[in-house]
Structures are given as C-alpha cells and as structure tokens.
Amino acid sequence: MRTTHPQLGRLGNPDETLGTDPRTDPRLVATLAPFGLDGHGEPLPLDASAPLDQQLEFCAAAEQGFQQLFDALTAPLPPVEGVERSTETITGVDGNDITLFVHRPADAEGPLPGILHIHGGGMVILTAADANNARWRDTLAAQGALVVGVEYRNGAGVLGPNPFPAGLHDCSAALDWMHGHRADLGLSKIVVSGESGGGNLTLATTLQAKQDGRLEWVDGAYAQCPYISGTYASPPAELGSLVENNEYFIGRPIMEVMAYVYDPSGEHSTNPLAWPYHASVDDLAGMPPHVISVNELDPLRDEGLAYYRKLLAAGVSVSSRTVNGTSHAGDLLCEGSMPDVFGASVRDVMGFVRAV
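The rules behind each value
- Here, residues in each chain are numbered from 1, in the same order as that chain's written sequence.
- For this predicted model, a pLDDT threshold of at least 70 governs which residues receive local features, and a threshold of 80 or more governs which side-chain atom pairs are given and counted, while totals over whole chains, interfaces and linings are taken from all residues.
- Only hydrogens and water are set aside when side-chain values are computed; all heavy atoms of the structure are taken into account.
- Accessible area is worked out with a 1.4 Å probe on protein chains only. A residue is then buried under 20% of its type maximum, exposed over 50%, and partly exposed in between.
- A run of DSSP states H or I qualifies as a helix once it reaches four residues; a run of E qualifies as a strand once it reaches two. Both are numbered from the N-terminal end.
- The criterion used for residue contact is that any of the two residues' heavy atoms lie within 4.5 Å.
- In this analysis an axis means a line fitted to C-alpha atoms, helices contributing only their contacting stretch, and an angle means the value between N-to-C directions, from 0 to 180 degrees.
- Oblique is the label for any angle not covered by the other classes, which are roughly parallel (under 35 degrees), roughly antiparallel (over 145) and roughly perpendicular (65 to 115).
- Crossing handedness is defined as follows: a turn of the near helix away from the far one that is anticlockwise and smaller than a right angle gives a left-handed crossing, while the clockwise case is right-handed.
- Under the convention adopted here, Pro, Cys and the residues Ala, Val, Leu, Ile, Met, Phe, Trp and Tyr are nonpolar, Asp, Glu, Lys and Arg are charged, and Gly plus all remaining residues are polar.
- Each salt bridge in this description consists of a side-chain nitrogen of Lys or Arg and a carboxyl oxygen of Asp or Glu lying within 4 Å of one another.

Colleague: Help me understand helix α9 (residues 252–262), please; the structure alone is not making it clear to me.
Modeller: Side chains that are three or four residues apart share a direction in an α-helix, a result of its 3.6 residues per turn. Within α9, eight of the 11 residues are buried, which leaves the element mostly enclosed by the surrounding structure. Arg252, Ile254, Met255, Val257, Met258, Ala259, Val261 and Tyr262 are the residues of α9 that are buried. Along its buried surface, α9 packs onto α3 (52–74), α7 (197–211) and α8 (241–244).

Now the structure itself:
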C-alpha cells in the first residue's frame, strides 16, 4: 500500500507561520514573538524591480533593524571569558583597507586551529564588528581556536555599496593573510566558516582558492545556513523549502532585493563565485572536507542540501546536519533561550575544526 505524506509548512497551508508550524521549537517562538517575527510580517515596500537607490536605502534600514534585533538578543548574555582580542589592518587587492578582528584563547600554548569567520547578512548588510558576531568569535576562541573575523565590503549598508566581487576579494585577502602568518599566529590549520551570506562567502572563498591554485591553504570549510542560489524570484523545483518555509523569519522578497543589490547587472547570476549553488561537480572536485549545516525551517535549507549532494557527487569528504525546529540561523541567534541547541552547534563546528 502506498503511503502518502502531508506537505509541510506553506506547501501544505499557505497561511502557515513560524509561530503556528508544529515543527517549530516553542522556545524559538517565545524568543522571536516579542519582535513580531513569529508571523509573516508586513509586505516589503519595494521589490527587485525598484530603482537601485531605493533598494540600497531599504537595505540600509534593514541593516539597522537586524542589528537592533541581534543587539537585543546578545545584550543579556554574560561576557565570554578567557579570550584575548586584537585587530589588524591589511590592504586588499583593490587597494582598500580591511580590518581583521583576531580572537585567541588567553594563555594558549602550542599551535592552535585557525578559523576564518565570515559573518552573515546576505553579502550586503551587517558587519564583523556587530556584537553578535564578536560574541560568536569569542565563543569559538574560548573553545580553543584562533578566530579571525574579516570586515569585508558589503553590497549595501554602512560598508557599501560594493557589489560582487568586492566582498569576496576581501575574504580571499583575509585567507591570504592568515596563511602568510601561520607561523606568527601559531596556526596548525585554517578552516573557513560562516553563516547565511557568510556561508555563501565561505564556499565562494574556497572555490576562489581552487581557481587561484591556493586550495592547499584551506584545510576545511564549514558553511551554516548558506545563502547560495540567487533563485529567489523563481525557485527551481528542487528547492522546495523556498516555498515551504517562505517568510519564516526571512522570506524570498527580501532575499530577491539583496540578491539584486549584490549583483545589480545580473551578469553573475550563475557564476559559482557569486552563487555557489551553481558550481558543477567538476568545480568541486578535489575540495577539502566540508560541513553543510542547515536549519529545518529555513527557506534556504534545500539549497544547502543540494550543495552537500553535489559535494558528495564530486567525491569530497562532506557531512551535513539539519538543526530541527529552528528557522534561519536560529541555533546561533538563541543562545540565551536555547543554550543546548546553540551549544550543539558550537561543538559541531569545533569538532570539525579539530578533526580536519
């Protein structure tokens, strides 16, 4: 007898919300509801057909809103102890200054694994200096890694407007710096890691390293909830989560705008360095070990899993994990209300970093 399965999320019920979906961890709902983020929210005031200056203005306002949210979630948490912090300024390939935030365990002895951390924000908003990103670097450093956060140029916001490939150039420059200072920093290895837009740039930086003949500099890549397809206006059938979980914390309309701002001409819509989802199996052959971590209730879930399957087909050592009950980056945002879920993600990142 054939078994049928009900369609989940908004595939089964177009009116479903993060707050009403029975799969959602109730602690996540309790965390996001005070900010009005458990429902679908108000429609955007524009779309990707609006003039670019209006889209840039919208992204700047969105940046402020997200920063206020992340500050509110981070502020009540106690400081992370046992971490030393410093900054470096390097020169990028375009002659621009790039700030690097270096976090290391206090009184550490012997070689340390290194993590190049690339923050999220759709490659167009938010900064490495934001409190939540600094705390994530502190958290990983307290677990025994030397973590370098790169303040790359964004497509919009306070660090914009600098469309593709400016941000990728800066991330590649940060990788060059870490490799060139392995001895000074006391690094035993380098893993590139980031979430959301930082997940995109994690994979793109690794792809760029392969193209440039520097792949041996990367010992591993760990991408969390990667934003990598650019197909948000017309999702392909294999990316059903873009419909199933649309507007669960984030939605396709804002992702369409951010994708346009990142590549206003549209000429890079299938360039794997801009949108790694479009990488071929041949592009991925010979890559170092990867982890692709996704969130069950994220519109981006299926593009991350598609990349995982493509890495498998290329013969790459890769694993994936799905953080159930959480929306986009929910495991990273809810340290205070979901410490077990947050802690599991920390352990998984550090386990991979130590193992490669």
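What follows continues from the structure just given.
Colleague: Help me understand unusual backbone geometry in this model?
Modeller: In most cases, non-glycine residues show a negative phi, while peptide bonds are predominantly trans. Between Gly160 and the following residue, Pro161, the backbone shows a cis peptide bond with an omega angle of -5 degrees. By secondary structure assignment, the location of Pro161 is in the loop between β4 (146–150) and α5 (166–180). In this structure, the amide linkage connecting Phe164 to the following residue, Pro165, adopts the cis form with an omega of 10 degrees. Mapped onto the secondary structure, Pro165 falls in the loop between β4 and α5. In the Ramachandran plot, Cys225 falls in the positive-phi region, its phi being about 40 degrees despite a non-glycine side chain. With respect to the helices and strands, the residue Cys225 is situated in the loop between β6 (220–224) and α8. According to the relative accessible area criterion, Cys225 is buried, its value standing at 2%.

Colleague: Help me understand the packing of α5 against α7 in this model?
Modeller: Each pair of packed helices can be summarised by the angle the axes make with each other and by the distance between the axes. The N-to-C vectors of α5 and α7 enclose an angle of 70 degrees; their axes lie 10 Å apart at closest approach. What the angle tells us is that α5 and α7 run roughly perpendicular. Where α5 crosses over α7, the handedness of that crossing is right-handed. On the side of α5, the interface is formed by Gly167, Leu168, Cys171, Ser172 and Leu175, while α7 contributes Leu201, Ala204, Thr205, Gln208 and Ala209. Here the residues of the contact of α5 with α7 sort into six nonpolar, four polar and no charged.

Colleague: Sorry if this is basic, but what is going on with the environment of Gly92 here?
Modeller: In this structure, Gly92 sits in the loop between β1 (83–91) and β2 (97–105). Judged by relative accessible area, which is 7%, Gly92 ranks as buried. Sequence spacing of Gly92 and Ile115 is 23 residues, and the spatial spacing of their C-alpha atoms is 19 Å. When near neighbours in sequence (up to four residues on either side) are disregarded, Gly92 contacts Ile98 and Ala173.

Colleague: Is there a simple way to explain the pattern of salt bridges in this structure?
Modeller: Side chains that differ in sign of charge can pair as their charged atoms come close. Per the counting criterion, the structure on display carries 15 salt bridges. Residue Arg27 is joined to Asp25 by a salt bridge in which the shortest nitrogen-to-oxygen separation is 2.9 Å. Residue Arg27 is classed as partly exposed on the basis of its relative accessible area, which comes to 30%. In this structure Asp25 comes out as buried when scored by relative accessible area, which is 14%. For Glu335, the salt bridge is made with Arg135, and the minimal N-O distance between the two is 2.8 Å. Taken together, the residues span a long stretch of sequence, with Glu335 in the loop between α12 (330–333) and α13 (339–355) and Arg135 in helix α4 (residues 131–142) at a distance of 200 residues. In this structure Arg135 comes out as buried when scored by relative accessible area, which is 13%. Salt bridges sharing partners connect three or more residues here, namely Asp21, Arg23, Glu244, Arg301 and Asp302.

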